[in-house]
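# Geometric and topological summary
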Amino acid sequence: MNESGPVVLPAPLLFDRTVAEPNLASYTGVSLPIFSGPNVWTGYNNVFRDRDGVLRRLVPRASETEVSFPLAIAQAHTPDAGAGFEAGESARIRYTAAPFSYRMISFADAMTGQYDSEAIAGKIVLVGAVAPILQDLQVTPTSRVRMPGVEVNANIVSQMLSG
């Protein structure tokens, strides 16, 4: 992984299980992935939906050291991305792309090298699931079609890099 340039891995925040409704104030740490190295970054991938189940906001920083997965991706690309976010502060997600509008390469094509490598050269590449059976489809305020979690993250990364 270290030869590929920066790699950012999701790592969930762990919450105090004695709290009835876990919130940011009750997190106890981050579950670290098994991979590590100088080019491996981590960011928590927890989402905090509104009461109606719609994903409108994110918390870019849980603390000074714990950052969200999309912020970690943005910082791996541009180190000062998200500098204005305070720990625990939430921010509205600006959805600028519709569900299923990002270019996708299937897992099978990626594993067999059957894609145009020039199309992703120098780009931020997010790897994620889009199949409905994997249940990572989010309700957003901008579409009646559920958006894959990887595309929610792509929208947030774009927002973090554009300011």
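Figured I'd write up the structure that's included with this text. (Residues numbered from 1 in each chain as written. Predicted model: local features only at pLDDT ≥ 70, side-chain atom pairs only at ≥ 80, totals over all residues. Heavy atoms only, no water.)

In this section: the overall build of the protein chain. The secondary structure content of the protein chain amounts to four helices and eight strands. Listing every helix and strand of the protein chain by position from the N terminus yields β-β-β-β-β-α-β-α-α-β-β-α. Here the protein chain holds 163 residues, and 33% of them are scored as buried. Taking all contacts inside the protein chain whose residues are at least 6 apart in sequence as the whole, residues at least 24 apart take part in 65%. Surface exposure of the protein chain reaches about 10200 Å², of which carbon and sulfur atoms provide 53%. (Helix = DSSP H or I, 4+ residues; strand = E, 2+ residues; numbered from the N terminus. Buried < 20%, exposed > 50% of the residue type's maximum accessible area, 1.4 Å probe, protein only. Contact = heavy atoms within 4.5 Å. Areas by Shrake-Rupley, 256 points an atom, 1.4 Å probe, with all protein chains shown as cover.)

Pairing between side chains of opposite charge can happen when the charged atoms of each approach one another. Tallying each qualifying case throughout the model produces two salt bridges. In this structure, Arg56 engages Asp50 in a salt bridge whose closest nitrogen and oxygen atoms are separated by 2.8 Å. Look at Asp50 and you get partly exposed, because its relative accessible area is 27%. With a closest N to O distance of 3.0 Å, Arg56 and Asp52 form a salt bridge. The network of salt bridges with common partners includes Asp50, Asp52 and Arg56. (Salt bridge = Lys/Arg side-chain N within 4 Å of Asp/Glu carboxyl O.)

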